[in-house]
Amino acid sequence: MNILLASTWIWEFLGRLHPMIVHFPIGILVVAFLLELSTFWRKPQAPFSRKHNQIWVTIGAISALFSALFGTLLYQFGSYQGTTIQLHLIGGWITALLATFAAFSYTAKPPNSHTVSMTTLGLAVLSLVVTGHWGASITHGANYLTEVLPSNEGPTDHERSEKLALFTSFSQQDSFPPDQLDQLNLEVRAIFAHNCYQCHSTEKQKGGLVLDSKEGVFKGGDSGPILLPGNSEKSEIIRRLELPRSHEESMPPKGKVLASSEISLVHLWIDQGAHWADASLSIFPEASMALSKPVVPPASPQFSHPVDRFVNQYFQEKGRAWPKFIDDRTFIRRVYLDVWGLLPEPDYVQAFIEDPNPKKRGNLIDKLLEEEHNYTQHALSFWNDLLRNDYSGTGFITGGRKQISSWLYQSLASNKSYDQMLRELVNPIPESEGFIKGIRWRGGVNSSQRPEMQAAQNISQSLLGVNMKCASCHNSFVNNLTLDQSYAFANVFTDTTLEIFRCDKPTGRMASRAFIYPELGEIAGADLATRLEELAGLMSKPENGRVYRTLVNRYWDRLFGRGIIAPVDNMDKKAWDQDLLDWLSADFIANGYDIKHLLRTLLSSQTYSLESFAYPSSAYLRSESFEFSGPTHRRLSAEQFVDVVSQIISPVYHSVAYDPSGYASSAEWIWHPEIEVDRHVLPKPGMRYFRKTFTIPDVEKLTDAHLLLSVDHRFTLYLNGKFVGSGSDWREVFSRNVKEFLQQGENLIAIEGQNEGSISNPAGILLSLALTDSGGETAYVVSDRTWQSTQISPPKNWFRIGFEATGWEKVRRFGSFQRSHWGKPLAFRHALSDTTTLSFARASLVQLDPFLKVLGRPVRENVTTKRPTEATLLQTLTLSNDAALHEVLSKGAQHWKNAYPNTPDRLVEDLYLYALGRKPNKQEKGTLYTQIKNRYTEQDIADIFWAVILLPEFQLIP
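Residues numbered from 1 in each chain as written. Predicted model: local features only at pLDDT ≥ 70, side-chain atom pairs only at ≥ 80, totals over all residues. Heavy atoms only, no water.

K.L.:
Explain the overall build of the protein here, please?
P.N.:
Secondary structure summary: the protein contains 35 helices and 20 strands in total. The 958 residues of the protein split such that 51% are buried. Once local pairs closer than 6 in sequence are excluded, the contacts in the protein between residues at least 24 apart make up 69%. When the accessible surface of the protein is split by element, carbon and sulfur atoms take 56% of a total near 44,700 Å². (Helix = DSSP H or I, 4+ residues; strand = E, 2+ residues; numbered from the N terminus. Buried < 20%, exposed > 50% of the residue type's maximum accessible area, 1.4 Å probe, protein only. Contact = heavy atoms within 4.5 Å. Areas by Shrake-Rupley, 256 points an atom, 1.4 Å probe, with all protein chains shown as cover.)

K.L.:
Explain the pairing of strand β2 (residues 505–510) to me, please; I cannot follow it from the model alone.
P.N.:
Where a strand is regular, its side chains alternate between the two sheet faces. Relative to β2, strand β1 (residues 499–502) runs antiparallel, the two being bridged by 3 bridges. Each bridged residue has a counterpart across the sheet, and for Phe501 the counterpart in β2 is Pro506. (Pairing = 2+ DSSP bridges.)

K.L.:
Can you help me understand the packing of helix α14 (residues 328–339) against helix α17 (residues 372–387) in this one?
P.N.:
When two helices pack together, their arrangement is given by the angle between the helix axes and the distance between those axes. Two numbers describe how α14 lies on α17: the axes approach to 8 Å, and their chain directions differ by 70 degrees. It follows that α14 is roughly perpendicular to α17 by the angle criterion. Between α14 and α17, the residues in contact are Leu337, Asp338 and Val339 and Asn374, Tyr375 and His378, respectively. Taken together, the residues of the contact of α14 with α17 sort by class into 3 nonpolar, 2 polar and 1 charged. (Axes fitted to C-alpha atoms, helices over the stretch in contact; angles between N-to-C directions. Parallel < 35°, antiparallel > 145°, perpendicular 65-115°, else oblique. Nonpolar A, V, L, I, M, F, W, Y, C, P; charged D, E, K, R; others polar.)

K.L.:
Sorry, what's going on with helix α13 (residues 306–318) here?
P.N.:
Residues lying three or four places apart along an α-helix face the same way, a consequence of the helix completing one turn every 3.6 residues. Relative to the 18 Å expected for 13 residues at 1.5 Å per residue, α13 spans 19 Å between its end C-alpha atoms, a close match to the ideal helical length. Three or more residues of α13 are buried, namely Val307, Asp308, Arg309, Phe310, Val311, Asn312, Tyr314 and Phe315. Just past α13, the residue Gly319 takes up positive phi, approximately 70 degrees. (Expected span 1.5 Å × (residues − 1).)

K.L.:
Explain the nonpolar core to me, please; I cannot follow it from the model alone.
P.N.:
Grouped burial of nonpolar side chains is what soluble globular proteins tend to show. Ranked by size, the top nonpolar core spans 151 residues in total, and within it Trp383, Tyr418, Ile459, Phe515, Phe628 and Phe954 carry the most contacts. Looking at this core, the element that brings in the most residues is helix α24 (residues 545–560), giving 8 residues. If we ignore the near neighbours within four places in the chain, the residues touching Trp383 are Leu408, Leu412, Tyr418, Met421, Leu551, Tyr555 and Ile595. The next biggest cluster of nonpolar side chains, apart from the first, holds 41 residues, and it includes Trp669, Ile670, Phe690 and Phe828. (Core = buried A, V, L, I, M, F, W, Y, C linked by side-chain atoms within 4.5 Å.)

K.L.:
Quick question: what am I supposed to make of the packing of aromatic side chains here?
P.N.:
Working definition: an aromatic ring pair is given by the centre-to-centre distance plus the angle between the planes. Applying the stated criterion across every chain yields a total of 53 aromatic pairs. A centroid spacing of 6.2 Å and a plane angle of 55 degrees characterise the contact between Tyr548 and Phe588, whose relative ring orientation is tilted. Residue Tyr548 is located in helix α24, and its partner Phe588 is located in helix α25 (residues 578–590); the two are separated by 40 residues in the primary sequence. Among the residues examined, Phe588 registers a relative accessible area of 0% and is labelled buried. Here a set of aromatic residues connected by ring pairs shows up, and it is made of Phe303, Tyr314, Phe315, Trp322, Phe325, Phe331, Phe352, Trp556, Phe560, Trp576, Tyr608 and Phe628. Over the ring of Tyr936 we find Lys897; its NZ or CZ atom is 5.1 Å from the centre of that ring. (Phe/Tyr/Trp six-rings, centres within 6.5 Å; stacked < 30°, edge-to-face > 60°. Lys NZ or Arg CZ within 6 Å of the ring centre and 35° of its normal.)

K.L.:
What am I meant to see in a nonpolar patch on the surface here?
P.N.:
Together, Phe24, Val31, Leu35, Ile55, Trp56 and Ile59 make up a nonpolar patch on the protein surface, roughly 500 Å² of accessible area in all. Every element with two or more residues in the nonpolar patch is listed here: α4 (23–40) and α5 (47–77). Look at Trp56 and you get partly exposed, because its relative accessible area is 32%. (Patch = residues over 30% accessible without salt bridge, like charges linked within 9 Å, V, L, I, M, F, W, Y side chains within 5 Å. Salt bridge = Lys/Arg side-chain N within 4 Å of Asp/Glu carboxyl O.)

K.L.:
Looking at this model, I keep getting lost on the sheet that holds strand β11 (residues 722–727). Mind explaining?
P.N.:
Strand order in the open sheet formed by 6 strands is β11-β10-β13-β8-β16-β17, and the pairing between neighbours is antiparallel. Only two strands of the sheet have a single partner each, and these edge strands are β11 and β17 (809–810). Two elements, strand β8 (residues 686–696) and strand β13 (residues 745–755), share 11 bridges in a ladder whose sense is antiparallel. What sits directly across from Phe690, in β13, is Ile751.

K.L.:
Hey, could you run me through the environment of Arg812 in this one?
P.N.:
Tracing the backbone shows Arg812 in strand β18 (residues 812–816). Along the backbone, Arg812 and Thr786 are 26 residues apart, and their C-alpha atoms lie at a distance of 9.5 Å. With residues near it in sequence (within four places) discarded, Arg812 still touches Trp669, Ile670, Trp671, Pro673, His680 and Val681.

K.L.:
What is the right way to read unusual backbone geometry from this model?
P.N.:
Glycine aside, a negative phi is what most residues show, and trans is what most peptide bonds show. Put simply, Ala566 and Pro567 share a cis peptide bond, and its omega is -5 degrees. Asp712 connects to His713 through a cis peptide bond whose omega is 20 degrees. Positionally, His713 belongs in the loop between β9 (702–712) and β10 (714–719). Of note, Cys503 is a non-glycine position whose phi angle comes to about 50 degrees, a positive value. Structurally, Cys503 can be placed in the loop between β1 and β2. On the basis of relative accessible area, Cys503 is assigned to the buried category, the value being 5%. The backbone of Asn720 shows a phi angle near 55 degrees, a positive value even though the residue is not glycine. Of note, Asn720 is situated in the loop between β10 and β11.

K.L.:
Teacher, can you tell me more about the pairing of β9 here?
P.N.:
With respect to burial, β9 is a largely interior element, 9 of its 11 residues being buried. Where β9 meets strand β14 (residues 764–773), 10 bridges bridge the pair, whose relative direction is antiparallel. Its bridge partner being in β14, Leu707 is matched across the sheet by Leu769. Where β9 and strand β12 (residues 734–737) come together, 4 bridges link them in antiparallel fashion. Bridging from a neighbouring strand, Leu707 pairs with Arg736 of β12.

K.L.:
Would you explain the pattern of salt bridges in this entry?
P.N.:
Any two side chains of opposite charge can pair, on the condition that their charged atoms come close. Applying the stated rule across the entire model yields 46 salt bridges. Where Asp582 meets Arg549, a salt bridge forms, and the shortest distance between an N and an O atom there is 2.7 Å. With Asp582 in helix α25 and Arg549 in helix α24, this pair connects stretches of sequence that are 33 residues apart. Take Asp582: its relative accessible area is 9%, and that puts it in the buried class. Across the pair Asp557 and Lys866 runs a salt bridge, and its minimum N-O distance is 2.9 Å.

K.L.:
Where do I start with the confidence of the model for the protein in this structure?
P.N.:
The predicted model of the protein has a mean per-residue pLDDT of 86, with 89% of residues at 70 or higher. For the protein, helix α1 (residues 2–6) is the element with the lowest average pLDDT, namely 40, and helix α26 (residues 595–603) is the one with the highest, namely 98. The low-confidence segment residues 43–48, where pLDDT is below 50, has 0 contacts with residues more than four positions distant or belonging to other chains. Under a pLDDT of 50 for its full length, residues 141–154 has, in the predicted model, 11 contacts with residues more than four places off or in other chains. (pLDDT = per-residue confidence, 0-100.)

K.L.:
Mind showing me how you'd approach the state of the cysteines here?
P.N.:
In protein chemistry, a disulfide is the covalent bond that joins the sulfur atoms of two cysteines. Tallied over the full model, the rule gives 0 disulfides. Of the cysteine sulfurs around Cys470, a residue in no disulfide, the closest is that of Cys473, at 8.4 Å. Sulfur of Cys503: no disulfide; nearest cysteine sulfur belongs to Cys473 and is 5.6 Å away. (Disulfide = S-S within 2.5 Å.)

Have a look at this one:
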């Protein structure tokens, strides 16, 4: 037994049986599932079919278990590693366990045994399909399906032949030029990359051979060296490449045979000494770093704007005429939604249409960009997505994540130059450091998610338009970044030296320190602060064409629905007009990195005013064959939809997570403490009673006593034994001057609060009483932990001074005004004249909730550079059935009914003007007027609201 255990080859031999037996459970389980489906519609009394199928499923389960076991041995003792093989292994065991459970389910008794069997067997087959996909990726390479696509083809055989002829001519000279030796080596390495890496790389070392590194190539495999520098005829690699396809040692064993020109290039490379170039191999195309300002095409009488001149030239080259332009009514709606995220007022729309000034569109653009808060509150959503900034979520509870909200808002509001924003993000001040600090996840995480690597990934994706996430585990499959490059960049953000982990396994190698684009300069600082300063300088250099092209491309994508390059996170892709992108980027730099200047340039072009175009598909929009015809059809974002509903019907939100006004209060959310088994729990439904006494030395000196009160859910307020007011909605803040209720000396605030519902749920009181004297001094009485409460119904005089609150407890704090379950209620402020007070809570300032999430706002734990644009079934169901939205529409109906008590026709007309920017047509009038003519109720009005906001005309940016 000891000999057996010590013999690794035995286990490896058993592991290698995995590919031979794995197809047996695949066939058995699939056939068994099909048989199970065939019996589903038969009578349950078909015992022969069920018993027969049980045998097949049992055999399939046993073979699946053996296959998973042998696969585990192959993983442990074979030369396999990487994420894909781990997923394949996990999937294999899940399949085997599901199949085993399915086999046992046949022993269950009716009536549900048939359903259980079919369900578990179906899950086993589904797992089998997914596991098989991962297995195929290991066997054939991750690019097995995509490598045949035109976009992934390497050089053609004709191009190879031309290069072979050139290199052969050099070999016949006295000396082979050194730069051409480098190029010859890179050509050979490209051949290896396209034909050999799927089996012979650091990810999959079949036969112990690694061809994606110099060390691996010259070391060879398990059978020895593969090449003899200077002698290709005696090199093992040439022998195997030239073997007949039928020979078992022929290479590559799968896929396309190497072309004769490719084999000849390998021959020549070895004969020239197998020189290895220091330059890294670029398998994928790369955008140039340098940024030049192309010459603007000639102007014409119709097109003088630089953007239009480039687009005009583009259309001429494509042999196409300019599409149609939008009218003033459509333009004002589009530009308002794009710059403010709101709709224009009907009166302003009409005035704009009637304005004869030929510069009115430019003047409108200037007006929208110059207004600080509406512009910023709309732009904030885009930048929060991009910089992974949020108000709640993973990391905030433990302090492992930090907001940059104030810094970001002020930067956008003041139109801070983008190069300065870059420097403050990369070499942060305290207010902006949350960006590179990322998220410190709770518990252990993959090494590719350590904070230093997050910083490198965030900067690369959001600012440089390059995906580093693949290269954080292994050499990238989507670009030319290597694992070593990623760790070298991540190493910039730490005072220690990072060990390189490949697929979460330590390699024993330590990372260097460098920017991923070293041509911009070195990072040589001895400490973290110096390195961040150096990196910020490299990032913001005008020579860094990538960083400025990326921003310009993102804004083009935001306004037109598709970037000049797509996807926006792969800036190495082909642009549909590279000169246009480079000119915009250079112009952006020349004008002081001014984001509003960039927006003004784009918005003022006639290209922006083209009619939106229905492109064939979302896949076409992402493809390199895309041809520009105008803006795409764009849906309102989650925030835009919520804001325009709030604007024209009724506020959706009444509190914010981030308040740009900076208003603060020392008031705290309090409630009676609820304890079960020595632990605090959520408040239970029922009545609770609260008291707070305070002293006024000289009541005659008071000039104002402003009280604010918000209670979730219901309250009755007493002051010195007198009824002051009541309420049943925490969002409607109770506000009143209570000077008349106050007295000299001791005063008492008493609140009867009720938590509604059938189960425990959040409840709270938030109160602030501002006492201002004749000298202008203000003292505050606020809800805090000095208050007392009870859940026992007290005597009738409990809310009067003199009552002894024996047995009452200190309240429990459930949040502060700054941070709580309820957010910061907008109406809860004494300084109502504050110019930054919001008329309603903009959706960009609120915490993510289920409604916003369904509409498309992302969970900002990852960088989001483009949200999904396709409508989903869940969105349709939510907009049709959501109780919170129904409540908003109902409240809006009350308001509109009060404003139009006896004129339903006027209500419908004004609703269309506000919501759609036009009057209803004849058919719409007939339909809606008929509905409310004889039954003009709030419910009917709410139904009309609902019908209008579901219209594509409402939900699409024109």
